[in-house]
Amino acid sequence: MGQFRLDDRAKLSIDIALAAAGGDGERLRRGEQAARLLGLTGAELDALHNGSSFDFRLSRAIGLAISPGAESRGRARRAGLDEQDCRAIEDYAAGSSGDRS
């Protein structure tokens, strides 16, 4: 199992999931355009719209970003994300202004 990285692709995935969860259509449209340029498929975008991913760790990261708290953090930790990863995800989601794509 490789280590989770909060790289540009993971951040974009989190942004799309947050935009979908928050009903921010413009942010979602911009994120989807950027995602297509990175090669994400329609099925991957559909999963992100539902707050998930085909990548198990990224799915847990998205869950933590959408719903920060002990339960989501525990799921992320059991999926292999360390405490630093969890803090970075929560900080990124809290500071996400929708202008990242």
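Residues numbered from 1 in each chain as written. Predicted model: local features only at pLDDT ≥ 70, side-chain atom pairs only at ≥ 80, totals over all residues. Heavy atoms only, no water.

1. A word on the side chain of serine 72
To keep things clear, this is the line we draw: Secondary structure elements follow DSSP: runs of H or I of four or more residues count as helices, runs of E of two or more count as strands, with numbering from the N terminus. Whether two residues are in contact is decided by their heavy atoms: any pair within 4.5 Å suffices.
Position of serine 72 among the secondary structure elements: in helix 5 (residues 70-78). Leaving out residues up to four positions away in the same chain, serine 72 has contacts with Gly63, Leu64 and Ser67.

2. Some details on helix 2 (residues 25-37)
Here is the rule: Here, expected helix span is obtained from the residue count minus one, scaled by 1.5 Å. Residue burial is assigned from relative accessible area. The probe radius is 1.4 Å, only protein chains are included, and a residue is buried under 20% of its type maximum, exposed over 50%, and partly exposed in between. Note that the arc is defined by the directions from the helix axis to the C-beta atoms.
Under the 1.5 Å per step criterion, the end-to-end length of helix 2 is 19 Å for 13 residues, consistent within 8% with the ideal 18 Å. Residues of helix 2 that are buried include every one of Arg27, Leu28, Gly31, Glu32 and Ala35, and no others. For helix 2, the arc enclosing every buried residue in end-on projection is 130°, short of the 170-degree limit, so these residues lie on one face. Those residues of helix 2 that are exposed and aimed more than 90 degrees away from the buried face are Arg36 and Leu37. Buried residues along helix 2 sit in contact with helix 1 (8-22) and helix 3 (42-49). Looking one or two residues past helix 2, glycine 39 carries a phi angle of roughly 95°, positive in sign.

3. Quick look at helix 3
Burial in helix 3 covers these residues: Leu45, Ala47 and Leu48. Viewed end-on, helix 3 has its buried residues packed into an arc of 155°, placing them on one side of the element. Elements in contact with the buried residues of helix 3: helix 1, helix 2 and helix 4 (56-66). Just downstream of helix 3 lies glycine 51, where phi reads positive at about 75°.

4. Details of the nonpolar core
The condition is simple: Throughout, nonpolar core names a set of buried Ala, Val, Leu, Ile, Met, Phe, Trp, Tyr and Cys residues whose side chains join them through atoms within 4.5 Å.
By size, the foremost hydrophobic cluster in this structure holds 25 residues, and its most contacted members are Phe4, Ile14, Ile16, Leu81 and Ile89. Contributions of two or more residues to this core are made by helix 1, helix 2, helix 3, helix 4 and helix 6 (83-95). Here this core gets seven residues from one element, more than from any other, and that element is helix 1. When residues no more than four places from it in sequence are discounted, the contact partners of isoleucine 14 are Leu6, Ile62, Ala65, Ile89 and Tyr92.

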